[in-house]
Amino acid sequence: MQQSNSLEQRQTQRRGVFIGFASLIFMYWAAMAPLSYNTLLLQGSGFSSAEVGSIMAAFAAVGIIAPPIWGYIADRIRSASKTFILVFGIQAVVIASLPLFGGLKLGGFVLLALAMPLSNFVRNCSQNLLDAWTMQNTTRTGVPFGSVRLFGSLGWTVSCVGMSVLASMTDVSIAFYLAGIFSVIVCAMAMRLNRRFPSQDTTDVMEKAVESAKKLNPFRLFKNYYFVVLLGYVLLSQMMFNCTTTFMPYLLEHLEIDANFTGTVMGLRSLTEVPFLLLGGILLRRIELPKLMAGVGVLLAIEQICYNFVSTPITVILVVLIGGLASGLYFSTTIEYAFRLAPSGLASSAQTFLGMATAIGMICSSLLGGFMVDTFGVLSFYTTSGLIIFTGFVLYVLSFPFATKVLKKSIPEDLLRKG
């Protein structure tokens, strides 16, 4: 009888984790949709492509500083969930204010050029905190992370497509105002979910981490060869996120397609993430993580190169869908990858360093993209991006035989473990 009650309690808890985090992630990504509209907002304020590239590079630079700070705070207070709520509460105000800065000038200087980068102190890092919080609870209850994360793709899709329609009827500012409202809803949902499924872990592993809290040093992660390799691979491969979102309006203009179509394209791209997110648990049980990670680079490189051959909205969508598949594979593997490599007490920092690596890639691709679009045209940038991503893939694959044969470092069993 007691076993029956215990089983029923576990099933109830699993349902609670699935429904709670799936709902939160859906709304979270709906609120994050204006990331696709950063370039359009800057264009509307009169910035050139080179200036947009520079501003987005500064945006990414702030993204380097913010994640480790918030991740360290989360590890110190032992709560990614409370830190997430704080960050997103600030974001609700910041993101809704961005269109207002586009109309403000100080001595001829458009304040949006400063406000846009500063907004990233609370924007992108929230994803890493939410991932860490979700991963703790899905791992504890046995809920596949991918089955929960796919609702983020759905939320992004619905929001992007809806905002694209509204932006074409009004202007791009509507996306940021709606995101502010959505962010408030996310905070309310997160506060309620935190009462039932807080991020604090009471297992022996966490208790040991608490005892050594004063010795926590997130940079200890850089002593792990395989974690450093992961960061380098993420840095090179995830440049595509920036070039797909930041420079997509320029590609559409090159093809004489309405730039507001960017939202729809990004929404459909997100929808294509779902298959791999659904299959993530199955793939992890059958294929080793390093092999799945290698597949991400292949798909991303193909996507970037194929932009040279698009000519119509349909062909743009078809190529973007390849990137969507890559993103689904990326989200269903990379977070798990970092989680397995992170030592006790540094799970949140490990996730935020992933965001940091992506931010460095964004700086490089923003500066490079702004220059190349102005000088050689947008297609040259996509070709270069594809070659860089492919280089990252090759280096990643070679890093394993180099580690085992030259450095004499065995591959961690957790990475090779299936399931």
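What counts, and at which threshold
Residues numbered from 1 in each chain as written. Predicted model: local features only at pLDDT ≥ 70, side-chain atom pairs only at ≥ 80, totals over all residues. Heavy atoms only, no water. Helix = DSSP H or I, 4+ residues; strand = E, 2+ residues; numbered from the N terminus. Rg over C-alpha atoms; globule rule 2.2 N^0.38 Å. Buried < 20%, exposed > 50% of the residue type's maximum accessible area, 1.4 Å probe, protein only. Contact = heavy atoms within 4.5 Å. Lys, Arg positive; Asp, Glu negative; His and termini not counted. Charge placed at Lys NZ, Arg CZ, Asp CG, Glu CD. Salt bridge = Lys/Arg side-chain N within 4 Å of Asp/Glu carboxyl O. pLDDT = per-residue confidence, 0-100. Core = buried A, V, L, I, M, F, W, Y, C linked by side-chain atoms within 4.5 Å. Expected span 1.5 Å × (residues − 1). Axes fitted to C-alpha atoms, helices over the stretch in contact; angles between N-to-C directions. Parallel < 35°, antiparallel > 145°, perpendicular 65-115°, else oblique. Left-handed = near helix turned anticlockwise from the far one by under 90°. Nonpolar A, V, L, I, M, F, W, Y, C, P; charged D, E, K, R; others polar. Phe/Tyr/Trp six-rings, centres within 6.5 Å; stacked < 30°, edge-to-face > 60°.

### Examining the overall build of the protein
Inference 1: Across its full length, the protein holds 19 helices and 2 strands.
Inference 2: Its C-alpha atoms give the protein a radius of gyration of 21 Å, within 12% of the compact-globule value 22 Å for 419 residues.
Inference 3: With respect to the three principal axes, the spread of C-alpha positions in the protein is 65 × 50 × 40 Å.
Inference 4: Out of the 419 residues belonging to the protein, those deemed buried represent 57%.
Inference 5: Partitioning the intrachain contacts of the protein with sequence separation of at least 6 by distance along the chain shows that 86% fall at a separation of at least 24.
Inference 6: Side-chain charges of the protein comprise 28 positive and 19 negative groups, with the mean position of each set lying 11 Å from the other.

### What to know about the pattern of salt bridges
Pairing is possible between side chains of opposite charge, provided their charged atoms come close.
Inference 1: The tally for this structure, following the rule as stated, stands at 2 salt bridges.
Inference 2: Here Arg-417 and Asp-414 are joined by a salt bridge, their closest N and O atoms 3.7 Å apart.
Inference 3: Since its relative accessible area comes to 38%, Arg-417 is described here as partly exposed.

### Section: the confidence of the model for the protein
Inference 1: Within the protein, residue pLDDT values average 82, and 92% of them lie at 70 or more.
Inference 2: Here residues 201-215 is modelled with pLDDT under 50, and outside its nearest four sequence neighbours on either side it reaches 9 contacts, counting other chains as well.

### Things to note about the nonpolar core
In summary, soluble globular proteins display a tendency toward joint burial of nonpolar side chains.
Inference 1: Core analysis: the biggest nonpolar cluster contains 127 residues, and Phe-84, Met-116, Trp-133, Phe-227, Met-248, Val-316 and Tyr-337 have the highest contact counts within it.
Inference 2: No other element matches helix H16 (residues 313-341), which puts 11 residues into this core.

### Considerations on helix H6 (residues 125-141)
An α-helical turn contains 3.6 residues, so a residue and the one three or four places further along point in the same direction.
Inference 1: Here H6 contains 17 residues, and its C-alpha end-to-end distance of 25 Å stays within 8% of the 24 Å for a straight helix at 1.5 Å per residue.
Inference 2: Along H6, 15 of the 17 residues are buried, which leaves the element largely enclosed by surrounding structure.
Inference 3: Where H6 ends, the next residue or the one after it, Gly-142, has phi of about 80°, a positive value.

### Focus on the packing of helix H15 (residues 289-306) against helix H18 (residues 378-406)
Inference 1: Packing of H15 against H18 leaves a shortest axis separation of 7 Å and a crossing angle of 165°. Overall, the two elements H15 and H18 adopt an arrangement that is roughly antiparallel. The two elements H15 and H18 cross, and the hand of that crossing is left-handed. From H15, Pro-290, Met-293, Ala-294, Gly-297, Val-298, Leu-300, Ala-301, Gln-304 and Ile-305 reach across to H18, where they touch Tyr-382, Thr-383, Ser-385, Gly-386, Leu-387, Ile-389, Phe-390, Phe-393, Tyr-396, Val-397 and Phe-400.
Inference 2: In the contact of H15 with H18, the residues fall into 15 nonpolar, 5 polar and no charged.

### Remarks on the packing of aromatic side chains
Inference 1: Inspection of every chain in the model, using the stated rule, returns 20 aromatic pairs.
Inference 2: Grouping aromatic residues by their ring pairs yields a cluster made of Phe-21, Tyr-28, Trp-29, Phe-84, Phe-88, Trp-133 and Trp-156.

### Side note on the side chain of Glu-336
Inference 1: Residue placement: Glu-336 occurs in helix H16.
Inference 2: Overall, the relative accessible area of 15% leaves Glu-336 in the buried class.
Inference 3: What Glu-336 contacts, discounting residues up to four positions off in sequence, is Met-135, Leu-284 and Leu-289.

### Describing the side chain of Asp-131
Inference 1: For Asp-131, the location among the structural elements is in helix H6.
Inference 2: Summary of buried charges: Asp-131 has no salt-bridge partner, and the nearest side chain of opposite charge, Arg-149, is 4.9 Å away.
Inference 3: In this view, Asp-131 contacts Phe-145 and Ile-335; residues no more than four positions away in its chain are not counted.

### Considering the environment of Leu-252
Inference 1: Its place among the elements puts Leu-252 in helix H12 (residues 248-254).
Inference 2: Among the residues examined, Leu-252 registers a relative accessible area of 0% and is labelled buried.
Inference 3: Expressed as a C-alpha distance, the spacing of Leu-252 and Pro-343, which sit 91 residues apart in the sequence, is 44 Å.
Inference 4: With sequence-adjacent residues up to four places away left out, Leu-252 is seen in contact with Ile-257, Asp-258, Ala-259, Phe-261, Thr-262 and Val-316.

### Side note on unusual backbone geometry
Negative phi characterises most residues that are not glycine, and trans characterises most peptide bonds.
Inference 1: The phi torsion at Glu-256 lies on the positive side, around 60°, for a residue other than glycine.
Inference 2: On the accessibility criterion, Glu-256 (76% relative accessible area) is exposed.
Inference 3: Positioned with a positive phi, Lys-408 is a non-glycine residue whose angle comes to about 60°.
Inference 4: By the secondary structure assignment, Lys-408 is in the loop between H18 and helix H19 (413-416).

### Re the packing of helix H14 (residues 274-286) against H16
Inference 1: Running from N to C, H14 and H16 cross one another at 45°; their axes reach a closest spacing of 9 Å. Classified by the angle their axes make, H14 and H16 are oblique. The way H14 lies across H16 gives a crossing that is right-handed. Contact with H14, carried on its side by Phe-276, Leu-277, Gly-280, Leu-283 and Leu-284, involves Leu-325, Gly-328, Leu-329, Phe-331, Ser-332 and Glu-336 of H16 and no other residues of that element.
Inference 2: Class assignment for the residues of the contact of H14 with H16 results in 7 nonpolar, 3 polar and 1 charged.

### What about H15?
Inference 1: Along its 18 residues, H15 runs 26 Å from first to last C-alpha, staying within 8% of the 26 Å computed at 1.5 Å per residue.
Inference 2: Those residues of H15 lying buried are Leu-289, Pro-290, Leu-292, Met-293, Ala-294, Val-296, Gly-297, Leu-300, Ala-301, Glu-303 and Gln-304.

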